[in-house]
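Report on the structure
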Amino acid sequence: MSSYLGPDAIIAKKQAYIMPCLGHFYERPPQFVRGEMQYLYDHQGKKYLDCFAGVSVINCGHCNPEITAKICQQVNTLQHVCNIYLTENFVNLAERLAKITPGSLCKSFFCSTGSEANEGALLLAVLYRKSSEYIALRGGLHGRTKLGMSVTGIGMWRTDPNPVGGVHFAPNPYCYRCPLKKQFPQCDLACADEVETIIKTATSGRPAALIAEAIQGNAGIVTPPAGYFKRLKEILDAYGALLIIDEVQTGFARTGKMFAIENYGVAPQIMTMAKALGNGTPISAFIAEKEIADIYVKPGASTLGGNPVSSAAALAVLDYIERERLAEKARERGEQLVKGLEEISKRHPVIGDIRGLGLMIGAEFVRPGKIPADKELDITLEKMKDRGFIIGKNGLYRNVMAFQPPLVISTGDINNLLNSLEDVLKEENL
């Protein structure tokens, strides 16, 4: 076995050389040294089922042989010349995205991170609408750039002490903890209607756009109810405002559709994507309808955006998703996971709510009275890690167990996960 630093030495180097904003999961974190499809291996050779996929990045599996082969072939052929020169991969990728994205989205701009894509999409909306006012949702997370932080509706991620002005926040569709103290469906989508009230009372009356995740990942897999986005789009259309959908976490078959917004029968005018597009290779994009995209005429480029290697990876990802029917598999395995979690919740009331689509599922941990059970979740995650399961954590109160595994996960993997989870909850009397 190769010699590795080990977790303690890595943590020591982090403390000495990495900015303290970067934390880590677990009291006793493993050092991961190898990945193979849905599995990870630590420096001691222990095998783990990855149920988080690098936060919805590794949809096609770790070190997927088919995708890796295409990456290596491109690295050995042409690695980088910047996209101001003519290469083939990135225009072929743009053509593919125009075919698979919803509605009339057709022209792309490639960059490297989700934050960069969201920043670009927000800029494009300003150029088109000639307005610098935005609406965003409470609980949304759109990146770590200045504007991305400014439209983020989670306090712990708003590091900038001087956020951009002109951003107005609407209540998010968090049905389990409704910000308007209502109940679906009797509420008649009152949270969506609040957007019109905000436009009328808090904006100039002509905001540039509303930006929203199709499912709010960091907020705790907050999943809008049926009809929410249709109502939202009707309101925005009435005022000429654009709908920007952030698919950075939800895209590429994760929710049982190629893009999560397709579950709601709505097409945005601008959409952003990253993470799973490269399956671990850094690539992102924002794509827009032709009339909107064509307003962006002043020179603009991203040095590494859509480089030959990342674009080759993305093309291989799209091929694999389609051929292996990963959207269908996400629906099937997601239904299995939800059914199992619902059965467990009958015996263990610490699981207060289960929500999501496809293989983007959240289980909210609560004490009686819906009090967030964040400490109980931390204990559970630590014990599940010791048993060989890596599961995510998110939520406004850091009390939501997040299941976002590689979409190649098997029926047996899900059964093993559910059995171990129930064993841990029994041990902890939860």
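Just above sits the structure.
Procedures and definitions
Residues numbered from 1 in each chain as written. Predicted model: local features only at pLDDT ≥ 70, side-chain atom pairs only at ≥ 80, totals over all residues. Heavy atoms only, no water. 1 Å grid on protein atoms, 1.4 Å probe; cavity = no way out; pocket = protein on both sides within 12 Å on 5 of 7 lines; lining within 4 Å. Points joined across faces, edges and corners; volume = space filled by probe spheres on them. Helix = DSSP H or I, 4+ residues; strand = E, 2+ residues; numbered from the N terminus. Nonpolar A, V, L, I, M, F, W, Y, C, P; charged D, E, K, R; others polar. Patch = residues over 30% accessible without salt bridge, like charges linked within 9 Å, V, L, I, M, F, W, Y side chains within 5 Å. Areas by Shrake-Rupley, 256 points an atom, 1.4 Å probe, with all protein chains shown as cover. Salt bridge = Lys/Arg side-chain N within 4 Å of Asp/Glu carboxyl O. Core = buried A, V, L, I, M, F, W, Y, C linked by side-chain atoms within 4.5 Å. Buried < 20%, exposed > 50% of the residue type's maximum accessible area, 1.4 Å probe, protein only. Contact = heavy atoms within 4.5 Å. Expected span 1.5 Å × (residues − 1).

Taken as a whole, the largest pocket encloses approximately 1600 Å³ of empty space. Along its surface, the largest pocket is lined by 45 residues, and L22, V55, W157, N218 and K275 are the ones closest to its centre. Of all the elements in the fold, those that place two or more residues in the lining of the largest pocket are α2 (53-56), α5 (114-129) and β15 (392-394). When residues of the lining of the largest pocket are assigned to their parent elements, the largest contribution, three residues, is made by α5. Taken together, the residues of the lining of the largest pocket sort by class into 20 nonpolar, 18 polar and seven charged. Its boundaries defined by the atoms lining it, the second largest pocket holds a volume of some 360 Å³. Lining the second largest pocket we find 18 residues, and of these K107, S108, F109, A293 and Y296 sit closest to its centre. Elements that contribute at least two residues to the lining of the second largest pocket include exactly α4 (89-100), β4 (105-111) and β10 (284-289). Here the residues of the lining of the second largest pocket are counted per class, giving twelve nonpolar, three polar and three charged.

Once rolled over the atoms, a probe with the size of a water molecule shows which space is left empty. In the structure shown here, the tally under the stated rule is two cavities of 30 Å³ or more. When grouped by side-chain class, the residues that make up the lining of the largest cavity number twelve nonpolar, two polar and one charged. Volume-wise, the second largest cavity comes out at about 30 Å³. Every residue lining the second largest cavity is listed: V81, C82, N83, T87, F90, G306, N307 and P308. Its residues placed into classes, the lining of the second largest cavity shows four nonpolar, four polar and no charged.

Right, let's talk about a nonpolar patch on the surface for a bit. Together, Y17, I18 and L22 line one region of the surface with nonpolar side chains, adding up to about 360 Å² of accessible area. Along the chain, the position of I18 falls in the loop between α1 (7-17) and β1 (32-36).

Below, the discussion takes up the nonpolar core. Among the nonpolar cores identified, the biggest contains 93 residues, and L97, F252 and F403 are the most heavily contacted of them. No other element matches helix α10 (residues 308-323), which puts nine residues into this core. When neighbours within four sequence positions are excluded, L97 is seen to be in contact with S108, F110, F252, M273, L277, I287 and L318. Formed by 22 residues, the second largest nonpolar core is a distinct cluster that contains L122, F286, A288 and A293.

Taken as a whole and assessed by the stated rule, the structure comprises 29 salt bridges. K385 is the partner of D386 in a salt bridge, and the nearest nitrogen-oxygen pair spans 2.8 Å.

An ideal rise of 1.5 Å per residue puts 18 Å on 13 residues; helix α12 (residues 374-386) measures up with 19 Å between its terminal C-alpha atoms. Residues E376, L377, T380, L381, E382, M384 and K385 constitute the buried set of α12. Of the surrounding secondary structure, the elements contacted by the buried residues of α12 are β3 (47-50), β12 (360-367), β14 (389-390), β15, β16 (400-403) and α13 (411-427). After α12 finishes, the residue G388 shows a positive phi value of roughly 100°.

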